[in-house]
Amino acid sequence: MTAFPYTLQEDPRPAMGLVVLQVDETIEQDFRQLFAPKACRLHITRVPSGAELTPDTIATMATALAAAAALLPREAALRVVGYACTSGTTLIGTDRVQSLITSVLPTGAVTNPLAAALHACRTLNLTRIGIVSPYIPTVAEPIRNAFEQGGLTVPETISFGEEIEARVARIAPTSIAEAARTLAARNQLDGIFLSCTNLRTLGIIPELEADLGLPVLSSNQVLAWHMAQLAGVPMSCGSLTA
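Just so it is clear, the model here is predicted, and its values are computed rather than measured.

1. Structural notes on the packing of helix α2 (residues 55-70) against helix α4 (residues 94-102)
Remark: α2 packs on α4, axes separated minimally by 8 Å, with the N-to-C direction vectors making an angle of 40°. Looking at the two axes, α2 sits oblique to α4. Judged by the sense of rotation from one axis to the other, the crossing of α2 with α4 is right-handed. Across the interface between the two elements, A62, L65, A66 and A69 of α2 pack against R96, V97, L100 and I101 of α4. Looking at the contact of α2 with α4, its residues break down into 7 nonpolar, no polar and 1 charged.

The structure is reproduced here in structure tokens:
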């Protein structure tokens, strides 16, 4: 064997980390559309999660979150890490999510879809939000409560009443769009939030915004936008631009 000399060279692109649920089939596809490969490096790990999303499975997921985050590359100098679960953040708590991740991984910032959504609403000066959720009431209602505790008015939440994640990933975008239109027709709103990183929402946002004349936000969109802001990476989708 012949030893051959080499040089080391850092990749100058900003690096971001993403903790994705084991059962999520959607967010990685969305992030590939939202971030140009030349704009950043995206490192992804997965956290064990149940086939059903309930308060009990979310509590169990919290115990595995730190170990999942620890699998992200420490030497990548991650500018931000996103925990990709809206309902999980709501029930675990934003502060605890951040504490679990930073306890095992050096990073400049931690965010999640709930914190990102509230930040987006403040940025766009939204105060009355309708929510579309795929989940059963015990998972969907805490999200509404979290928005209200964040200073927003939520006149109505529409839910599909689903708890099987494989089915959530297969809810037709046309059904999601119809739920959003129903919310807008029944309530005086200045924005709509499509909750859940596993819902296929990205492709319907521009059309919904044009039809309803309202900002339409989704879990994946706001998470990508907030991560882009924190990492200094360009991103644009619907009403949000970083």
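From this point, the discussion proceeds with the structure in view.
2. Quick notes on the nonpolar core
Judged by nonpolar contacts, the single largest core of 88 residues is most densely connected at V19, F31, F35, Y83 and F147. The dominant element in this core, judged by the number of residues it contributes, is α2, at 8 residues. Each of domain 1 (15-112 + 223-231) and domain 2 (115-218) accounts for three or more of the residues forming this core. The residues contacting F31, other than those within four sequence positions of it, are L18, L42, N220, L223, A224 and M227.

3. Description of the packing of helix α1 (residues 27-34) against helix α10 (residues 219-231)
As a packed pair, α1 and α10 sit with axes 10 Å apart at the nearest point and diverge in direction by 50°. Here α1 is positioned oblique relative to α10, judged by the angle of their axes. As for the relative orientation of α1 and α10, their crossing is right-handed in sense. Contact with α1, carried on its side by I27, D30, F31 and L34, involves N220, Q221, L223, A224 and M227 of α10 and no other residues of that element. A per-class count over the contact of α1 with α10 returns 6 nonpolar, 2 polar and 1 charged.

4. Some points on the sheet that holds strand β6 (residues 157-162)
Pairing in this open sheet of 4 strands is parallel, and the strands run β6-β5-β7-β8 from one edge to the other. Edge positions in the sheet fall to β6 and β8 (216-218), since each has one partner strand and no second. Here the strands of the sheet are splayed against their neighbours by 15° on average, with no regard to which way each runs. Along the sheet face, α10 touches β7 (191-194) and β8 and points at about 80° away from the line of β8.

5. Here's the deal with the sheet that holds strand β3 (residues 78-84)
Strand order in this open sheet of 4 strands is β2-β1-β3-β4, and the pairing throughout is parallel. Looking at which strands have only one partner, the edges of the open sheet turn out to be β2 (41-47) and β4 (110-111). In the sheet, strand β1 (residues 15-21) pairs with β2 via 7 bridges, with the strands oriented parallel. Across the sheet, residue G17 finds its bridge partner in β2, namely H43.

6. Thoughts on helix α8 (residues 173-186)
Here α8 is 14 residues long and its end C-alpha atoms lie 20 Å apart, about the 20 Å a rise of 1.5 Å per residue gives. Along α8, the residues that are buried comprise I176, A177, A179, A180 and L183. Axial view of α8: buried residues confined to an arc of 160°, hence all on one face. Looking at α8, the residues exposed on the side facing more than 90 degrees away from the buried face are T174, A185 and R186. Elements that come into contact with the buried residues of α8 comprise β5 (129-135), β6, β7 and α9 (205-212).

7. Notes on unusual backbone geometry
Positive phi is not limited to glycine here, since A77 has a value of about 55°. The topology assignment puts A77 in the loop between α2 and β3. With a phi angle near 120°, C196 is a residue other than glycine that sits in the positive phi range. Tracing the chain through its elements places C196 in the loop between β7 and α9.

8. Observations regarding the environment of A184
One can find A184 in helix α8. The exposure class of A184 is partly exposed, given its relative accessible area of 22%. The sequence separation of A184 and N220 amounts to 36 residues, and the corresponding C-alpha distance is 21 Å. Filtering out sequence-adjacent residues up to four positions away, A184 remains in contact with L189, I192, L212 and L214.

9. Digging into the domain arrangement of the protein
Split into domains, the protein comes out as domain 1 (15-112 + 223-231) and domain 2 (115-218). Placing the centre of domain 1 and that of domain 2 at their C-alpha centroids yields a distance of 20 Å. Residue-level contacts link 26 residues of domain 1 with 26 residues of domain 2. With both chains or domains summed, domain 1 and domain 2 bury close to 2100 Å², and 62% of this area falls on carbon and sulfur atoms. Of all residues in domain 1, L53, T86 and W225 give up the largest surface area on contact with domain 2, accounting jointly for 24% of the area buried on that side. Taken together, the links from domain 1 to domain 2 amount to 1 salt bridge.

Calculation criteria
- Residues numbered from 1 in each chain as written.
- Predicted model: local features only at pLDDT ≥ 70, side-chain atom pairs only at ≥ 80, totals over all residues.
- Heavy atoms only, no water.
- Axes fitted to C-alpha atoms, helices over the stretch in contact; angles between N-to-C directions.
- Helix = DSSP H or I, 4+ residues; strand = E, 2+ residues; numbered from the N terminus.
- Parallel < 35°, antiparallel > 145°, perpendicular 65-115°, else oblique.
- Left-handed = near helix turned anticlockwise from the far one by under 90°.
- Contact = heavy atoms within 4.5 Å.
- Nonpolar A, V, L, I, M, F, W, Y, C, P; charged D, E, K, R; others polar.
- Core = buried A, V, L, I, M, F, W, Y, C linked by side-chain atoms within 4.5 Å.
- Buried < 20%, exposed > 50% of the residue type's maximum accessible area, 1.4 Å probe, protein only.
- Domains from an automatic or database assignment.
- Pairing = 2+ DSSP bridges.
- Expected span 1.5 Å × (residues − 1).
- Arc of directions from axis to C-beta.
- Buried area = accessible area lost by both parts, 1.4 Å probe.
- Salt bridge = Lys/Arg side-chain N within 4 Å of Asp/Glu carboxyl O.

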